[in-house]
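In case you want the letters, here they are:
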Amino acid sequence: YSSVSGGTGNLASGETSSVSGGETNEAKGTSASISGGGSGLASGDRSSIAGGGSLQALGKGSVALGGEQSIAGGDYSLIAAGRYNKASGDFSSITGGYSNKASGLYSSVSGG
């Protein structure tokens, strides 16, 4: 059972996925969720996007909390803020900054 409870132009197509706000967001993964922002894509199973613009949560259990045009691509990866960041390693994280990449297992970037 998927649900869309607010916003404009949102789509929840994954099994038990949900979108609760924002604009033109898509929750495709199983149990994926998007609570706000715009043009977000949560395609990983149990992935989530909290806000921001043009964020992607592609890995299983990945999380994008905010920022713009960033990708949480690794399994259980995290994007907290910033722009043009890519956390592609499993369990990787980026907490801010601009054009950063965290591609290794358990790698992290805290700003810059």
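Located above this text is the structure these notes cover.
A brief report on the enclosed structure follows. No experiment lies behind these values; they were computed from the predicted model shown.

## Looking at the side chain of Asn-100
By secondary structure assignment, the location of Asn-100 is in the loop between strand S13 (93-94) and strand S14 (101-102). A polar side-chain atom of Asn-100 sits 3.2 Å from the main-chain carbonyl oxygen of Gly-96.

## Section: a nonpolar patch on the surface
On the surface, Tyr-76, Phe-91, Leu-105 and Tyr-106 cluster together to form a nonpolar patch covering roughly 460 Å² of accessible area. Looking at the secondary structure, you find Leu-105 in the loop between S14 and strand S15 (108-109). Look at Leu-105 and you get exposed, because its relative accessible area is 56%.

## Some words on the packing of aromatic side chains
Applying the stated criterion across every chain, the model contains three aromatic pairs. On the basis of an interplanar angle of 90° and a centroid distance of 5.3 Å, the ring pair of Tyr-84 and Tyr-98 is categorised as edge-to-face. Linking Tyr-84 in the loop between strand S11 (78-79) and strand S12 (86-87) with Tyr-98 in the loop between S13 and S14, this pair joins segments that are 14 residues apart in sequence. For Tyr-98, a relative accessible area of 52% gives the class exposed. Seen from their ring centres, Phe-91 and Tyr-106 are 5.1 Å apart, and the 15° between their planes marks the pair as stacked. Of the two residues, Phe-91 sits in the loop between S12 and S13 while Tyr-106 sits in the loop between S14 and S15, which places them 15 residues apart along the sequence. Under the relative-accessibility criterion, Phe-91 is labelled partly exposed at 40%. Residue Tyr-106 is classed as exposed on the basis of its relative accessible area of 59%. Linked through ring pairs, Tyr-76, Phe-91 and Tyr-106 together constitute an aromatic cluster.

## Things to note about unusual backbone geometry
You will see that Arg-46, though not glycine, has its phi angle at about 60°, which is positive. Looking at the secondary structure, you find Arg-46 in the loop between strand S6 (41-42) and strand S7 (48-49). Residue Tyr-106 is not a glycine yet carries a positive backbone phi of 60°.

Parameters at a glance
Residues numbered from 1 in each chain as written. Predicted model: local features only at pLDDT ≥ 70, side-chain atom pairs only at ≥ 80, totals over all residues. Heavy atoms only, no water. Helix = DSSP H or I, 4+ residues; strand = E, 2+ residues; numbered from the N terminus. Polar contact = N/O pair within 3.5 Å; in protein donor to acceptor, adjacent residues only side chain to side chain. Patch = residues over 30% accessible without salt bridge, like charges linked within 9 Å, V, L, I, M, F, W, Y side chains within 5 Å. Areas by Shrake-Rupley, 256 points an atom, 1.4 Å probe, with all protein chains shown as cover. Salt bridge = Lys/Arg side-chain N within 4 Å of Asp/Glu carboxyl O. Buried < 20%, exposed > 50% of the residue type's maximum accessible area, 1.4 Å probe, protein only. Phe/Tyr/Trp six-rings, centres within 6.5 Å; stacked < 30°, edge-to-face > 60°.

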